[in-house]
Amino acid sequence: MVYFLVIDTVLFLSAWCKPKQSKILFGIAFFMLWFVMAFRNVNLGGSDAYVYQEWFYTTVPKLSQFEFNPFVFQRDIQAGWGFGWLFTLLASFIKTFAVNYIVFQVFYVTLSFLLLAMILHDMELTVQEKSLFMFAYLSQQMVWFFCVLLRQNLADLLVWYVLEHPFKKHEWLKKILILYAATLLHTSAYIAIAVVLALEIIKRFPIKKVVSGALLLGTILFFAGTKIISFILSFMAALDPRYGMYLESTGESSNVINFALRGCFLILLYLEYRKHSTPEQREYLYIGAACFLTGSIPQALVVRMTEYFVIANHYSIAKFPELFDSKNRKIAAVICFGIFVVIFIRFLNGNAFFMKNYTFVFEI
């Protein structure tokens, strides 16, 4: 756990340095984070870690035996383990050349970090803003998705890429293909597709109405919106029978603190947009509204669904220094650091307790 806290602190400090110093610190922190995640002990990941290893060693075939037709795979093979075609293909590729799971782990983490680096580059943030973005991401769910929920991790990043990348030609064809690839990693991405399509409708409404409407509707959903959940889960269960187990937990949701935090992110995005009305900030504001509404649905499964859209929340933190003058910026920075460190420690102790005794794979 100490490794992650140190990296988180370095990322935050990087955001307040001069550009050259910030570039060095950000590069060091990004590399350190990749190394700590890629070369962690293969058993650091809760019960999921053992499931992934057993799946890799006993079920994943070599490429010569792989079912390359995704439709046949979904019909005849996926129900057995529940792992998607693309995720299995990546594992199959590695198993063809190496039989040790750690090789797949390093490969998968590296692939995830390369995609994350592409996303950060596309967002055209300054190096200080990239540091704040990564600080916010690491302080919340990054460890969980990069070290535990591996399949959805890469699916999340593909959706992020669709949301932020400025496609120049054949935009919707490329978006559809990438989103479909995300569903082949984790079937929850079907919900992401629905929200991405809904965003195209939401963007036609004035921003002020979207923000106020999202806050009002989200609050109603969070406290009294259990009746619409069964329909959504029934749809997901038709796509993947494993979602049937969530029907029993209808009415459960993330706690009120996380709900309030998502609301703060949305308000922060709105304030940033009012100060600098750029097309990028407008885009992330709509994504933030979708994230808040999705996270307001009172069902345990939506904790995973919101991750497809939290790129907007992290963007709000990356841009928050613009709201303050130089005198008040230091005070705001201290408050921000304190809040997110508390969030991170709470997360590590509550959701990633298995990381408290971190060990590298090469440690005896």
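For clarity, every value in this text was computed on a predicted model and none was experimentally measured. (Residues numbered from 1 in each chain as written. Predicted model: local features only at pLDDT ≥ 70, side-chain atom pairs only at ≥ 80, totals over all residues. Heavy atoms only, no water.)

Considerations on the packing of aromatic side chains
Okay, so step 1: A full pass over the atoms with the stated rule returns 49 aromatic pairs.
Okay, so step 2: Plain terms: the ring middles of Phe-12 and Phe-135 are 4.8 Å apart, the flat faces sit at 55° to each other, and that makes the pair tilted. Taken together, the residues Phe-12 in helix H1 (residues 2-14) and Phe-135 in helix H8 (residues 127-139) connect sequence positions 123 residues apart.
Okay, so step 3: Of the residues examined, Phe-12 reaches a relative accessible area of 7% and is grouped as buried.
Okay, so step 4: When the ring of Tyr-101 is compared with that of Phe-104, the centres are 5.9 Å apart and the planes differ by 55°; the resulting orientation is tilted. (Phe/Tyr/Trp six-rings, centres within 6.5 Å; stacked < 30°, edge-to-face > 60°. Helix = DSSP H or I, 4+ residues; strand = E, 2+ residues; numbered from the N terminus. Buried < 20%, exposed > 50% of the residue type's maximum accessible area, 1.4 Å probe, protein only.)

Focus: helix H19 (residues 326-350)
Okay, so step 1: Helix length check: H19, at 25 residues, gives a terminal C-alpha distance of 36 Å against a target of 36 Å (1.5 Å per residue), a fit within 8%.
Okay, so step 2: Those residues of H19 that sit buried are Ala-332, Ala-333, Cys-336, Phe-340, Val-341, Ile-343, Phe-344, Phe-347 and Leu-348.
Okay, so step 3: For H19, the elements touching its buried residues are H1, H8, helix H9 (142-147), helix H15 (256-275) and helix H18 (311-319). (Expected span 1.5 Å × (residues − 1). Contact = heavy atoms within 4.5 Å.)

Brief notes about empty space enclosed by the protein
Okay, so step 1: One pass over the full model with this rule turns up 1 cavity of 30 Å³ or more.
Okay, so step 2: The computed volume of the largest cavity comes to approximately 50 Å³.
Okay, so step 3: Among the elements of the structure, helix H3 (46-58) and helix H7 (101-122) are those that each provide at least two residues to the lining of the largest cavity.
Okay, so step 4: The element contributing the most residues to the lining of the largest cavity is H3, with 3 residues.
Okay, so step 5: Counted by class, the lining of the largest cavity contains 8 nonpolar, 2 polar and 1 charged residues. (1 Å grid on protein atoms, 1.4 Å probe; cavity = no way out; pocket = protein on both sides within 12 Å on 5 of 7 lines; lining within 4 Å. Points joined across faces, edges and corners; volume = space filled by probe spheres on them. Nonpolar A, V, L, I, M, F, W, Y, C, P; charged D, E, K, R; others polar.)

Concerning the side chain of His-186
Okay, so step 1: Looking at the secondary structure, you find His-186 in the loop between helix H11 (171-183) and helix H12 (189-202).
Okay, so step 2: A residue is classified by how much of its surface remains accessible, and His-186, at 3% relative accessible area, is buried.
Okay, so step 3: Only 2.7 Å separates the side chain of His-186 from the side chain of Ser-188, close enough to count as a polar contact. (Polar contact = N/O pair within 3.5 Å; in protein donor to acceptor, adjacent residues only side chain to side chain.)

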